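Spelled out from the first residue to the last, the chains are:
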Amino acid sequence: MPPTARLSADQVRLAMRAVGECRDVGHDPAAWSLRISSFLREHLRSVFTVSFTATVADAESTVRHILFTHWADNRFHRRWQKFTVGTTYRRFPSVRRFSELYVGEPLTVTRQDLVPGRAWATSAERDDRRAVLQDELVISAEPYRDGLAHVFSINRADGDVPFSARDKALVRLVHGELGRLFGGRLSLTPRTNAPPADLPPRLHAVLICLLSGESDKEIAGRFGLSPHTVHEYVTTLYRRFTVRSRAELFSLAERNGWARAVHPPE
């Protein structure tokens, strides 16, 4: 690893702690993806992180399952919803180049590796990404089995600086350690009894945290929110599910199987 990409002892320690949290959360892909997405938001200033499985082939990437999508700000989500994700996303030069580079081995690349220098500054892809308030990105793939890969797409806000070699090294370390748990402690298949998928991204994330046993204070720290804002999110969830307390929310989750999705039996 080049000197500029060498991680400090503190960075390695924090990365291993994040992976440990994923292991402790268990088998629900949304729950462990949330932990890593929060880690990437805090340490890499990611505004949008998506965790998914895909079959990656030359010039094309076919997504199988979206495991979790993390938005630092719902404005990014609203913009993205208006954007034509399907065909347009697969036409992005960065995605095509990533598909060409991935040959079934671990791969982590930055935007500079995919579309360097002046080609990026004048590309239609940059204009498209900036329209949804994004710019720089890291894409990382970890092989799973039968040609399937787990992929992280990590994006910074429009106007932010490019990801560094050290940023890329941090993502590769975390992703490589997670890969050791795939198919065992960590599932890559969404559960049919997972919490409702129609919740806004932040409410969905807060619900997962609540079902994982986190306090309002811990949730506030995870997302960089005020306790008042977290209280409003929790109150909104109570109204959404017609419950009056966390105990009633847990009871509802048990009846619907959500709690078992987040806390599987050992």
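Attention in this report is confined to the structure presented alongside it. (Residues numbered from 1 in each chain as written. Predicted model: local features only at pLDDT ≥ 70, side-chain atom pairs only at ≥ 80, totals over all residues. Heavy atoms only, no water.)

### Details of the pattern of salt bridges
Phase 1: Following the criterion strictly, the structure yields 16 salt bridges and no others.
Phase 2: The salt bridge partner of Glu136 is Arg111, with a shortest N-O separation of 3.1 Å. Within this pair, whereas Glu136 is found in strand β4 (residues 134-143), its partner Arg111 is found in helix α6 (residues 111-114), the two being separated by 25 residues in sequence. An identical accessibility class is assigned to Glu136 and Arg111; each is buried.
Phase 3: A single salt-bridge network, built from bridges that share partners, covers Arg35, Glu214 and Arg222. (Salt bridge = Lys/Arg side-chain N within 4 Å of Asp/Glu carboxyl O. Helix = DSSP H or I, 4+ residues; strand = E, 2+ residues; numbered from the N terminus. Buried < 20%, exposed > 50% of the residue type's maximum accessible area, 1.4 Å probe, protein only.)

### Description of unusual backbone geometry
Phase 1: Despite not being glycine, Arg45 shows a phi value in the positive range, around 60 degrees.
Phase 2: Looking at the element boundaries, Arg45 is found in the loop between α2 (29-44) and β1 (48-57).
Phase 3: With a phi angle near 55 degrees, Asp146 is a residue other than glycine that sits in the positive phi range.
Phase 4: Within the secondary structure layout, Asp146 lies in the loop between β4 and β5 (148-157).

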